[in-house]
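Residue-level structure breakdown
Chain residues, written in single-letter form:
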There are 2 protein chains.
Amino acid sequence: MVFERLADKWTLLIIRVLRQGPCRFNQLRREIEGISQKALSQTLRKLERDGLVSRTAFPTVPVTVEYALTGLGDTLSNRITPLLSWAEDQIQHVLEAQRQYDSRQ
Amino acid sequence: MVFERLADKWTLLIIRVLRQGPCRFNQLRREIEGISQKALSQTLRKLERDGLVSRTAFPTVPVTVEYALTGLGDTLSNRITPLLSWAEDQIQHVLEAQRQYDSRQ
DNA sequence: CTGTATCCTTTTAGATACTG
DNA sequence: CAGTATCTAAAAGGATACAG
């Protein structure tokens, strides 16, 4: 299901980075705190398969690979950005709700 | 992290249902195809802890419990709805991309 | 009706090593 | 640089039983 792809932490974070422009593998790795090489690789492969992200290899030595949002991926990122902004803006409210909930137990 | 809560299939689907109005436990279960009692219960507890969903128990026999979006949850649902709409609208494009990707291997 | 607890199986994630 | 393969440990998920 498509929901399962969207409902993935790394998917959301990768798309957020790619929204700023094309990015190489290890650069993505550095930009996304906590992601492992394996998780990045697997998630990029799925996004590529879904037609949301493009992968371009340049025949340099060593090889250079650039990931970018496709047109479809760009329309998705327009829906994801408000969600991530909401999370950043409201995180304090969520943390406060958690404190209250925990203190009631 | 808040991302992990948002990046959850059941969270998105539960919020979509609650956006239509308050709902009881077993009604949610029926509306959300494939969710187990355990998954529904656990996800509702987390959403309640995060202050996104409220839980109200009515002292009937047997007990009646109503779940609803809080004010905070409502603001979140405003960001989630476009994402779910995107998924519904674009699913054919994604499936076509998958077919092309798979046929290239 | 609305859950929690437990057991058990299946997935997933992390670390490490290795390749073009 | 950009990955894949493998192994293991941890986490998640399903089924069942039971309780207020």
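About the criteria used
- Residues numbered from 1 in each chain as written.
- Chains lettered and ligands numbered in written order.
- Predicted model: local features only at pLDDT ≥ 70, side-chain atom pairs only at ≥ 80, totals over all residues.
- Heavy atoms only, no water.
- UniProt positions renumbered as here; feature names shortened; annotations may be inferred.
- Helix = DSSP H or I, 4+ residues; strand = E, 2+ residues; numbered from the N terminus.
- Near = heavy atom within 4 Å.
- Polar contact = N/O pair within 3.5 Å; in protein donor to acceptor, adjacent residues only side chain to side chain.
- Contact = heavy atoms within 4.5 Å.
- Nonpolar A, V, L, I, M, F, W, Y, C, P; charged D, E, K, R; others polar.
- Buried < 20%, exposed > 50% of the residue type's maximum accessible area, 1.4 Å probe, protein only.
- Axes fitted to C-alpha atoms, helices over the stretch in contact; angles between N-to-C directions.
- Parallel < 35°, antiparallel > 145°, perpendicular 65-115°, else oblique.
- Left-handed = near helix turned anticlockwise from the far one by under 90°.
- Pairing = 2+ DSSP bridges.
- Salt bridge = Lys/Arg side-chain N within 4 Å of Asp/Glu carboxyl O.

This chain's UniProt record puts "domain: HTH hxlR-type" (unreviewed entry) on residues 1–95 of chain A. Segment residues 1–95 of chain A splits into 63% helix and 15% strand. End C-alpha atoms: 31 Å apart.

Turning our attention to the protein's contact with DNA strand D. Surveying the vicinity of DNA strand D reveals 15 residues, the closest of which are Gln37, Ser41, Arg55 and Tyr67 of chain A together with Lys38 of chain B. In DNA strand D, the atoms that sit within 4 Å of the protein are 60% sugar and phosphate, with bases accounting for the remainder. Within the contact set of DNA strand D, a base oxygen lies 2.6 Å away from a side-chain nitrogen or oxygen of Lys38 of chain B. Going through the elements one at a time, helix 3 (25–31), helix 4 (37–49) and strand 3 (64–69) of chain A are the ones with two or more residues in the surface near DNA strand D. The element contributing the most residues to the surface near DNA strand D is helix 4 of chain A, with 4 residues.

Listed by partner, the interface residues are 34 residues for chain A and 35 residues for chain B. In this assembly, chain A and chain B are joined by 10 residue pairs in polar contact (both at pLDDT 80 or more). Elements supplying a minimum of two residues to the side of chain A that touches chain B: helix 1 (2–6), helix 2 (9–18), helix 4 and helix 5 (71–104) of chain A. Per element, the largest residue contribution to the side of chain A that touches chain B is 18 residues, and it comes from helix 5 of chain A. Of the residues assigned to the side of chain A that touches chain B, the class counts are 19 nonpolar, 5 polar and 10 charged.

Let's shift gears to the environment of Arg16 of chain A. Here Arg16 of chain A lies in helix 2. Take Arg16 of chain A: its relative accessible area is 32%, and that puts it in the partly exposed class. Separated by 83 residues in sequence, Arg16 of chain A and Arg99 of chain A place their C-alpha atoms 29 Å apart. Apart from the residues within four sequence positions on either side, Arg16 of chain A is in contact with Leu84 and Glu88 of chain A together with Phe3 of chain B. One polar contact links Arg16 of chain A to Glu88 of chain A, side chain to side chain, over a distance of 2.5 Å.

Take the packing of helix 5 of chain A against helix 5 (residues 71–104) of chain B next. At a closest axis distance of 10 Å, the pairing of helix 5 of chain A and helix 5 of chain B adopts a crossing angle of 160°. Overall, the two elements helix 5 of chain A and helix 5 of chain B adopt an arrangement that is roughly antiparallel. For the pair helix 5 of chain A and helix 5 of chain B, the crossing hand works out as left-handed. Between helix 5 of chain A and helix 5 of chain B, the contacting residues are Leu72, Thr75, Leu76, Arg79, Ile80, Pro82, Leu83, Trp86, Gln90, His93 and Val94 of chain A on the first element and Leu72, Thr75, Leu76, Arg79, Ile80, Pro82, Leu83, Trp86, Gln90, His93 and Val94 of chain B on the second.

Our focus in this paragraph is the sheet that holds strand 1 (residues 23–24) of chain B. Pairing within the open sheet is antiparallel, and its 3 strands lie in the order 1-3-2 (chain B). Each end of this open sheet is capped by a strand with a single partner; those strands are strand 1 and strand 2 (53–58) of chain B.

With that out of the way, let us pick up the pattern of salt bridges. Residues and elements named next belong to chain B. The final tally for this structure, using the stated rule, is 12 salt bridges over all chains. Arg45 is the partner of Glu48 in a salt bridge, and the nearest nitrogen-oxygen pair spans 3.3 Å. One end of the pair is Glu48 and the other is Arg45, both in helix 4 (residues 37–49) and 3 residues apart, which spans about a single turn. Residue Arg45 is classed as partly exposed on the basis of its relative accessible area of 28%.

This paragraph deals with the side chain of Thr43 of chain A. Along the chain, Thr43 of chain A turns up in helix 4. In contact with Thr43 of chain A, not counting residues within four places along its chain, are Asp8, Trp10, Thr11 and Ile14 of chain A.

As a further point, take the protein's contact with DNA strand C. Contacts to DNA strand C come from 14 residues, most closely from Lys38 of chain A together with Gln37, Ser41, Arg55 and Tyr67 of chain B. In this structure, a phosphate oxygen belonging to DNA strand C sits 3.5 Å away from a side-chain N or O atom of Arg45 of chain B. Within the side chain of Tyr67 of chain B, an N or O atom sits 2.4 Å from a phosphate oxygen of DNA strand C. Within the residue set of the surface near DNA strand C, elements represented by two or more residues are helix 3 (25–31), helix 4 and strand 3 (64–69) of chain B. Counting residues per element, the surface near DNA strand C draws most heavily on helix 4 of chain B, at 4 residues. Taken together, the residues that form the surface near DNA strand C break down as 6 nonpolar, 3 polar and 5 charged.

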